[in-house]
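Fold and contact review
Letter by letter, the chains look like this.
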Amino acid sequence: MSKMFTNRCLRSVYVNIQWRIPIIRRYSNLDSEMKRLNDEKRYKEALTLFVEHEQKGQCAISDIAINQALKSSTNMKDFSSGLKISSRYSSRIEKNSFIQASLIHFYMQFGDINRAREIFRQSENKTKAVYGALMRGKRFHFYEFLLISNVGFIKNNMFQEAVDLFSEIIDPDEMNIMLFLNACSGIATKETLVTIDKVLSNIPNRYRESKQILIAAYDAFIKCGDLPKAEKLFPKIERTVRSYGNLMNAYNNNEQPEKTFKLYKRMKTDGIKANFLIYVFLLNACANLGVLSISQSIYEQIPKTFLDHPYVQTALIDMWGKSSCIDKAKNTFESIIEPDTSTYTSMINVYGLNGMALQAVELFRRMPSELVTEATYICVLNACSHSGLVNEAQAIFSTIKTKTEHIYATMVDCFSRLSLFDEAQELVDVYESCHSPSSSMLMALLSGARNRNDCFLAEKIFNRIQQNFSQDRDLFIAASVLLGNIYASTGDLEKAAEMKKKISQIDVKKKLAWLGQKNFELMIGSHPRSDEIYAEGEKISRELVSRGHQYGSSWITRVLGENETTESVLYGHSERLAIAWNFVVNPHASTIQITKNLRVCGDCHQTTKRIALLRQCDIIVRDANRIHHFYKTGQCSCNDHF
């Protein structure tokens, strides 16, 4: 009996082994097959295989297979299948941190933040999970829950939540730090820089030279506006078209076009081939400068295959227009078979900047209504504002269904330039009945008060600016300059001097003036040929006075010095020095181009018209607001409406 019993037991064990081996093999095959299909991005086949095994019931479904099925659903954007898997295996998911992480990722990808958070909160085992086979051989632990959540937050533009979640990580790994920096890039504020510096100063030494972290930090510094730190990291990172392009774009946004050109030269030295975006950034830098010779030089370097790209075409229109070459901008626009919103808006803006408001309005009327955006409205209203077409502006304004702050501000500017302050104030009142005060509207009113030399109105507006925008340094400087000019124009030189003193206490860097391919600081004594420049300026001044020109003392914003005259102060204005410099270099110049960062004053405007007539030279001056074309006839494209 014992022998028979033993044989029976052996047969039972043998049968059990025979029965279990195929199941184990099938169990393992399903996992590996689904992983292979997902790795090959054959997500539908992987999910179909999973469902077939479920229906046949041939083998137990492993946690790995469930995870792969969720991965397939996520990548297929198949929300329904993912929900069904979540429902069928809910009891197992509650106990398995590995699947919970995949499910959090699934919900985040579909923007269901609340469900993802609920799974995270309900997880009882946030300390570890051991299923690392599908996570590149790494162990999967609680902090990878935070990683998954961070990815979701970033994908759903919840950058601050991602940063806050990062603070819960005691010992963040490389991926956590990268995601934190990506989230900071999304927030993109100067305040975030403090957090970035704190995290980077405390990361382990083994991560300090990580290529991924250095690139993420580089991007974060650029997005948050700390270009000096980005520049320090630039030599340490892998220099690619993307890294070069990011810094070029940042330079353009910070009005540093010269650095964009220098970076382009370095890029060529590194042997990195430019893509179409690099040329877009170069064209934007040219538009920033507005110097035709430089614009032409960059244009000639663009491969013909890129000239049909919509981004390049829009940038070309903008560049030619801001370089005062309207015909080339128009030719580029007309070469586009189907202009889009950007190209229409860019061309309308070009017309407006160059004093061709009627053409801007005409093109706006031809533009398909479905392509019109806020930017389009602003450009066409601005064109009307700078040419005094108030009726056309009102007609367009009345048709706008959704009026934003910028649209209101542009219309207020249009009224203010014509001293229609009652109409302007009425618009301001309408806007402020539902919103807080707008700095741009108040500045438009202040500029209008300057044109009319209305001290009472100007002081009232200036006080409102100080009251509502006390922390805005740049706004304070601009408003103070305008108010100081008004005081000077009305003869109150004591108050004008007081405003000038306040401005001088703030560090204001003067922008370079560009002439052809030469640039120089327009500050007394800073140029090696300053004696020649001033001598030429005096010569031009004598020629003007001999022909009856009278200088406007109302444009002087300070008390005259002992050896100063109205004439000597005014011909020292930056654009006049720039004109004088050009005649020093080329006495028979037929065209002069000047770019300045302030608005042209009334006396300079009148004087430049006379110089153009006297010297028979077309003079193009791009100021902070527009482009003035001073013709040899002694007329300006703005028709004295500026």
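Residues numbered from 1 in each chain as written. Predicted model: local features only at pLDDT ≥ 70, side-chain atom pairs only at ≥ 80, totals over all residues. Heavy atoms only, no water.

You'll find the chain entered in an unreviewed UniProt entry as DYW domain-containing protein, with Adineta ricciae given as the organism.

1. So, helix α18 (residues 292-299)
This is how the line gets drawn: Burial classification: accessible surface area is computed with a 1.4 Å probe over protein chains only, and a residue below 20% of its type maximum counts as buried, one above 50% as exposed, and the rest as partly exposed. The helix count covers DSSP runs of H or I at least four residues long, the strand count covers runs of E at least two residues long, and both are numbered beginning at the N terminus. By construction, the arc corresponds to the directions joining the helix axis to the C-beta atoms.
For α18, the set of buried residues is Ile294, Ser295 and Ile298. Axial view of α18: buried residues confined to an arc of 100°, hence all on one face.

2. Overview of unusual backbone geometry
Excluding glycine, a negative phi dihedral is what most residues carry, and trans is how most peptide bonds are arranged. At alanine 188, a residue that is not glycine, the phi angle is positive and equals roughly 55°. By the element assignment, alanine 188 lies in the loop between α10 (174-187) and α11 (192-202).

3. Quick notes on the packing of aromatic side chains
Here the distance between the centres and the angle between the planes together describe a pair of aromatic rings. Which entries qualify depends on this criterion: Under the pairing criterion, centres of Phe, Tyr and Trp rings, with the six-membered ring standing for Trp, must be within 6.5 Å; the plane angle then separates stacked pairs below 30 degrees from edge-to-face pairs above 60, leaving the rest tilted. Definition used: whenever NZ (Lys) or CZ (Arg) falls within 6 Å of the ring centre and also within 35 degrees of the ring normal, the charge is taken to sit over that ring.
Per the stated rule, a full pass over the model turns up 11 aromatic pairs. An angle of 35° between the planes, with centres 5.9 Å apart, marks the rings of tyrosine 218 and phenylalanine 234 as tilted. Within this pair, whereas tyrosine 218 is found in helix α13 (residues 211-223), its partner phenylalanine 234 is found in the loop between α14 (227-233) and α15 (241-253), the two being separated by 16 residues in sequence. Ring centres 5.9 Å apart and planes at 50° place the aromatic pair tyrosine 279 and phenylalanine 306 in the tilted group. With a gap of 27 residues between them, tyrosine 279 in helix α17 (residues 276-289) and phenylalanine 306 in the loop between α18 and α19 (310-322) connect regions that are remote in the sequence. Pairwise contacts between aromatic rings join Tyr218, Phe234 and Tyr244 into one cluster. The ring of phenylalanine 397 carries lysine 403 above its face, with NZ or CZ at 5.0 Å from the centroid.

4. Considerations on the UniProt feature "repeat: PPR" (unreviewed entry) in the chain
Note the threshold: UniProt positions are given in the numbering used here, feature names are shortened, and annotations may be inferred rather than shown by experiment.
In the UniProt entry, the feature "repeat: PPR" (unreviewed entry) is given for residues 240-274 and 340-370. Secondary structure across residues 240-274 divides into 74% helix and 0% strand, with the first and last C-alpha atoms of the span separated by 10 Å. The straight-line gap between the two end C-alpha atoms of residues 340-370 is 10 Å; of that span, 74% is helix and 0% is strand.

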